[in-house]
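Summary of the model geometry
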2 protein chains.
Amino acid sequence: MAKFSAIKQHVYNKIASGEWPENHPVSSENALALQFKVSRMTARRALQELANEGIVIRTKGSGTFVAPIKSQTSFMAIRNIADEIRARQHRYHAQVQVLRREHASDLIAEMLNLQPGDTVFHSVISHYENDLPVQVEERYVNPALAADYLKQNYNEITPHEYLCQAQPLTEASHEIEAVTPSNQLCQWLLLTKPEPCLRINRRTWSAEGVVTYAVLTHPGSRFSLGGHLQF
Amino acid sequence: MAKFSAIKQHVYNKIASGEWPENHPVSSENALALQFKVSRMTARRALQELANEGIVIRTKGSGTFVAPIKSQTSFMAIRNIADEIRARQHRYHAQVQVLRREHASDLIAEMLNLQPGDTVFHSVISHYENDLPVQVEERYVNPALAADYLKQNYNEITPHEYLCQAQPLTEASHEIEAVTPSNQLCQWLLLTKPEPCLRINRRTWSAEGVVTYAVLTHPGSRFSLGGHLQF
DNA sequence: TAGTGGTCTAGACCACTTT
DNA sequence: AAGTGGTCTAGACCACTAT
């Protein structure tokens, strides 16, 4: 692993574990350079990337600090809901609702570049923040590119994490919309009445083709997606 | 201006002018370093930031290339709804619902870094794609930073376009959520029944402070937000 | 083999904030 | 005055791509 990556991981762990709460000072560039025996430029790169991701905030002359939770919800949520929840210092757990082989519908076949009726892997997992589901992840996977997908224990690793290591992911496209959840989704989300939900439809590629199509549904009352742009 | 910024601007101008179309090779790090008489690390930083912004794509061993347009479109919709609609070759028009001076509520004052009761400019504009509204733009503006805001004709220029030229915008933060629209919003959106709506809350800064706070509401049935990520 | 981007070093000067 | 982040230099070695 690259040195700057190791430093990022170190800082990230401090935050995720709760040892460094919101607004807590992060070791300075010089301190990290000493500690990890690297040049200041390398330590700097680690902090700079964390700042770009919205994990920390840097102020000239003052220092680097753990970002307020509201600023941290950038694209991490799109990438890894479990880390996102843990970084907020909340309890995370998953509940596997569906995990099986299926035959591809027309829509799924098109999304995965397969033929209708071809075998696909299908999972549905509820992701809990404390004791409420904040996301239902419906996922379809191309079996050719992740043969062991059904054998994983998704209480310990998220599908996204597994797929990242099974197939180096190169790009993703996503579409964000507002929808009314189906009755089935209301059950999985523990919603007694339907409420507007934020939905992210995402297709993810590796060098060998479409790996997975995911439909992520979040209750509007429990979730928002933040971001930051510099012009 | 910092040297790496000047190089970014140079590359950006080549692309915006059309001189370097999609997939056209961008000068290499070494070439830019020579041309601008800077070290390779500085030229590298310029290209790296352009890559982070999705403007160019870099491939190890091969080179740097102008990104395909699809990768650049992600945040266009957030920036300028009129251009987005016209790019789809649909008819666009705006309807101004509200355009006046008001006293800031507690929330608006906080968002604009003003005191409650201070004067703010307030506009509400419906944006039509063909003959249906796809966005209601509720916007609050800091009068100190855009004194002529109320004098513009928003059938000919969007508030965002006007603000861009009145104050160079430097950054924006936004939050995306799913909501149930109020009765007033249903009227503005020509919705007979409430339906889930996608909402974008955005604060925009210039060098002099918060310029504007905007609440953009889109009917779920008529709008989705697309994006593209490269890992 | 030559060129490219990815990583890294060991310095330097500056503007800024805190004490 | 001391510490911080922001910028920059002039090298270096590596893995990868194209020829």
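Look up a bit, the structure's there.
Residues numbered from 1 in each chain as written. Chains lettered and ligands numbered in written order. Predicted model: local features only at pLDDT ≥ 70, side-chain atom pairs only at ≥ 80, totals over all residues. Heavy atoms only, no water.

**Side note on the side chain of Asn201(A)**
Residues and elements named next belong to chain A. Structurally, Asn-201 is set in strand β8 (residues 197-206). The class of Asn-201 is buried, set by a relative accessible area of 9%. Among the polar contacts made by the side chain of Asn-201, one reaches the side chain of Glu-177 at a distance of 3.0 Å. (Helix = DSSP H or I, 4+ residues; strand = E, 2+ residues; numbered from the N terminus. Buried < 20%, exposed > 50% of the residue type's maximum accessible area, 1.4 Å probe, protein only. Polar contact = N/O pair within 3.5 Å; in protein donor to acceptor, adjacent residues only side chain to side chain.)

**Brief notes about the protein's contact with DNA strand C**
Around DNA strand C, the structure places 25 residues, and the nearest of them are Lys3(A), Thr42(A), Arg45(A), Arg40(B) and Thr64(B). Taking all atoms of DNA strand C within 4 Å of the protein, the share assigned to sugar and phosphate is 63%. Within the side chain of Thr42(A), one N or O atom sits 2.7 Å away from a phosphate oxygen of DNA strand C. At 3.0 Å from a phosphate oxygen of DNA strand C is found a main-chain nitrogen or oxygen belonging to Glu29(B). Each residue belonging to the surface near DNA strand C can be placed in one class, and the counts come to five nonpolar, eleven polar and nine charged. (Near = heavy atom within 4 Å. Nonpolar A, V, L, I, M, F, W, Y, C, P; charged D, E, K, R; others polar.)

**Things to note about the sheet that holds strand β1 (residues 25-26) of chain A**
Residue and element names in this part refer to chain A. On the basis of which strands lie adjacent, the open sheet formed by three strands has the order β1-β3-β2 and antiparallel pairing. The two strands at the open ends of the sheet, each matched to only one other strand, are β1 and β2 (56-59). Bridge count for β2 against strand β3 (residues 63-66) is four bridges, and the pairing is antiparallel. Looking across to β3, one finds that Arg-58 is bridged to Thr-64. (Pairing = 2+ DSSP bridges.)

**Quick notes on unusual backbone geometry**
All names here are of chain B. Positive phi outside glycine occurs at Asn-23, with the angle close to 70°. Phi angles above zero are rare outside glycine, and Leu-190 is one such case at about 60°. Its location among the elements puts Leu-190 in the loop between α9 (183-188) and β8 (197-206).

**Some words on helix α1 (residues 3-16) of chain B**
All names here are of chain B. In a regular helix each residue adds 1.5 Å, so 14 residues correspond to 20 Å; α1 covers 20 Å between its end C-alpha atoms and thus fits that length. Those residues of α1 that fall on the buried side of the exposure criterion are Phe-4, Ile-7, Lys-8, Val-11 and Ile-15. Projection of α1 onto a plane perpendicular to its axis shows the buried side chains occupying an angular sector of 100°, all on one side. Those residues of α1 that are exposed and angled more than 90 degrees off the buried face are Lys-3 and Ala-16. The inward-facing, buried residues of α1 abut β1 (25-26), α2 (29-36), α3 (40-52), β2 (56-59) and β3 (63-66). (Expected span 1.5 Å × (residues − 1). Arc of directions from axis to C-beta. Contact = heavy atoms within 4.5 Å.)

**Thoughts on the protein's contact with DNA strand D**
For DNA strand D, the set of nearby residues contains 25 residues, the closest of which are Thr64(A), Lys3(B), Ser39(B), Thr42(B) and Arg45(B). Per the 4 Å cut-off to the protein, sugar and phosphate atoms form 65% of the nearby atoms of DNA strand D. Within the backbone of Gly61(A), one N or O atom sits 2.9 Å away from a base nitrogen of DNA strand D. Thr42(B) has a polar side-chain atom sitting 2.7 Å from a phosphate oxygen of DNA strand D. Elements supplying a minimum of two residues to the surface near DNA strand D: α3 (40-52), β2 and β3 of chain A together with α1 and α3 of chain B.

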